Amino acid sequence: MKKIQMVDLQSQYQNIKETVDASIHEVLNSSSYINGPFVKEFQADLEQYLNIKHVIPCANGTDALQIAMMGLGLQPGDEVITVDFTFAATVEVIGLLNLTPVLVDVELDTFNINIEALKKAITPETKAIVPVHLFGQCANMEAILAIAKEHDLFVIEDNAQAIGADYTFSDGTTQKSGTMGHVGTTSFFPSKNLGCYGDGGAIFTNDDALAHTLRGMVNHGMYQRYYHDVVGVNSRLDSIQAAVLKAKLPLLDSYCAARRKAADYYTERFKNSEVIITPTLRDFSSHVFHQYTLRITNGKRDALHKHLIQKGIANSIYYPVPLHAQKAYKDSRYKEEDFAATNQLVQEVISLPMHTELEEDQLKYITETVLEFLQ
Ligand SMILES: *Cc1c(COP(=O)(O)O)cnc(C)c1O
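Residues numbered from 1 in each chain as written. Predicted model: local features only at pLDDT ≥ 70, side-chain atom pairs only at ≥ 80, totals over all residues. Heavy atoms only, no water.

**Structural notes on helix 4 (residues 89–96)**
Residues spaced three or four apart along an α-helix point in a common direction, a consequence of the helix completing one turn every 3.6 residues. For clarity, the threshold we go by: Using a 1.4 Å probe on the protein chains alone, a residue whose accessible area is under 20% of its type maximum counts as buried, one over 50% counts as exposed, and one in between counts as partly exposed. Think of it this way: any DSSP run of H or I at least four residues long counts as a helix, any run of E at least two long counts as a strand, and we number them from the N terminus. Throughout, a contact is declared for two residues whenever any of their heavy atoms are within 4.5 Å.
Restricting attention to buried positions, one finds in helix 4 the residues A89, T90, V91, V93 and I94. On the buried face of helix 4, the contacting elements are helix 3 (61–71), strand 2 (79–83), strand 3 (100–104), strand 4 (126–130) and strand 5 (154–158). At the C-terminal side of helix 4, N98 shows a positive phi close to 60°.

Written as structure tokens, this is what we have:
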């Protein structure tokens, strides 16, 4: 068996090569490399797919978060609540803008924000909540939106890992992940569920005035050429990336289905193990499995990680250190006992190969190797 990667972008590219190559050549021939027609077309396609009024493309998912917070007018000292268990980009931009990050614990079973911890963290300085739909499943948005409404807070959904997921509210209505808060952000980093061939990102909102502000902010605060109304940044999605994304967007649902199928295979094989906890699915959200993440409860997670690498199976620990314990984000405000779930998860989690081209013989080899080792 050849080495199994976490993400197989090469096989995926080979399957869509013709369309993607043709689009890229169109950009090259047009020489409209920034803000060309593909950017506008992809923006419109994504607005339709997400059923949202405004998509503002930008350079990457980290910028998307930063610009969203700038656009909402958050000011130094404002408290922004987010999770202790996520990729650092979420908390990084809060720090960069001199806002005050307030990290809270997650749920042990879904890895998403713990609603009780969120409630406890709210103070008169709190201005926004940033739920992260970690690994591809939505956080409990109904509860989060109710809390935000009660306390008059902004909700910024970090949707970098869950684009394509559907959320169902208790009244039966559904919405796409990233479109429920005041603003949503995503990343088109190559390994994300909708990835381009470089960096890319986007911001979503239904608020016309906010959308206008954001569109200027991504482009040096310009609303009219060479007139700078606000301090902005240079954060644009380039035309080649937009061409790739326009070709791939129609495939997103089938990509999510392929990931789900691989996840189902894993879960079926692991469900009887006493030392493996498979991903917990919530009724209110579909899961698009950006990652397939197990918890290993017998203390052998690190040994399994090494063993799988020896057996030619890539795997990753997302994430090995809680954010509150990272050098950059440590703070005397935090108390260890408030992060029980995150502190446990960093010891237990392991993510297995997950992408759109996983084949059954690979899944069989992976699951057998894991089970044999843990027996
Ligand atoms: C990938 C990711 C980001 C950042 O996206 P980039 O495009 O790499 O800047 C932010 N938040 C989460 C949860 C992510 O997974």
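**A closer look at the domain arrangement of the chain**
To keep it simple, the criterion reads: In this entry, domain limits derive from an automatic or database-based domain assignment. Buried surface area refers to the total accessible area, computed with a probe of radius 1.4 Å, that the two partners give up upon joining, counted for both partners together. Salt-bridge detection follows one rule: a side-chain nitrogen of Lys or Arg within 4 Å of a carboxyl oxygen of Asp or Glu. Any pair of nitrogen or oxygen atoms within 3.5 Å is treated as a polar contact; in protein, a donor-acceptor pairing is required on top of that, and neighbouring residues in sequence qualify only through side-chain atoms on both sides. Three residue categories are used. Nonpolar comprises Ala, Val, Leu, Ile, Met, Phe, Trp, Tyr, Cys and Pro, charged comprises Asp, Glu, Lys and Arg, and polar comprises the others, including Gly.
Segmentation of the chain into domains returns domain 1 (9–104 + 111–250) and domain 2 (252–374). Relative to domain 2, the C-alpha centre of domain 1 lies at a distance of 24 Å. Contacts between the two partners involve 43 residues from domain 1, matched on the other side by 34 residues from domain 2. Here domain 1 and domain 2 share an interface that buries about 3300 Å² over both sides, 57% of which is from carbon and sulfur atoms. Here D338 makes a salt bridge to K120, at a shortest N to O gap of 3.8 Å. Across the contact surface, domain 1 and domain 2 share 21 residue pairs in polar contact (both at pLDDT 80 or more). Contributions of two or more residues to the side of domain 1 that touches domain 2 are made by helix 1 (9–30), helix 4, strand 3 and strand 6 (166–168). Looking at the side of domain 1 that touches domain 2, its residues break down into 23 nonpolar, 13 polar and seven charged.

**Brief notes about the sheet that holds strand 5**
Strand pairing in a sheet takes place through backbone hydrogen bonds and is either antiparallel or parallel in direction. Put simply, the rule is: Between any two strands, at least two bridges found by DSSP are needed for them to pair. Every angle, taken between N-to-C directions, lies between 0 and 180 degrees, and every axis is a line fitted to C-alpha atoms, over only the stretch in contact when it is a helix.
Spatially, 1-9-8-5-4-2-3 is the arrangement adopted by the seven strands of the open sheet, whose pairing is mixed. In this open sheet, the two strands that pair with only one neighbour each are strand 1 (54–58) and strand 3. Direction aside, the axes of adjacent strands within the sheet are offset by 25° on average. Of the pairings in the sheet, the one linking strand 2 to strand 3 comprises five bridges and is parallel in character. Bridging from a neighbouring strand, I81 pairs with V102 of strand 3. On top of the sheet, helix 3 reaches strand 1, strand 4, strand 5, strand 8 (183–187) and strand 9 (201–205); it is set at about 160° to strand 8, its chief contact.

**Some details on the site of the ligand**
Here is the rule: Consider each residue's heavy atoms; a residue with any of them within 4 Å of a molecule or strand counts as near. Values of accessible area rely on a 1.4 Å probe in the Shrake-Rupley scheme; residue burial ignores everything except the protein chains shown.
Around the ligand, the structure places 14 residues, and the nearest of them are G61, T62, D158, S187 and K192. Between the ligand and the protein, one listed contact pairs an oxygen atom with a backbone N or O atom of G61 at 2.7 Å. Between the ligand and D158 there is a distance of 2.8 Å, counted from a nitrogen atom to a side-chain nitrogen or oxygen. Considering the ligand on its own, with 380 Å² of exposed area, one finds that the protein chains cover 91% of that surface. Taken together, the elements giving at least two residues each to the shell around the ligand come down to helix 3 and helix 4. Residue classes in the shell around the ligand are distributed as four nonpolar, eight polar and two charged.

**Considerations on the pairing of strand 13 (residues 292–296)**
Within strand 13, five of the five residues are buried, leaving the element largely enclosed by the surrounding structure. The alternating pattern of strand 13 places Y292, L294 and I296 on one face and T293 and R295 on the opposite face, and all of these are buried. Pairing analysis gives two bridges linking strand 12 (residues 276–277) to strand 13, with the strands arranged antiparallel. What sits directly across from I277, in strand 13, is R295. Summarising the sheet, strand 13 and strand 14 (residues 349–352) pair through four bridges and their orientation is antiparallel. Each residue of the ladder has a partner; that of Y292, found in strand 14, is L352.

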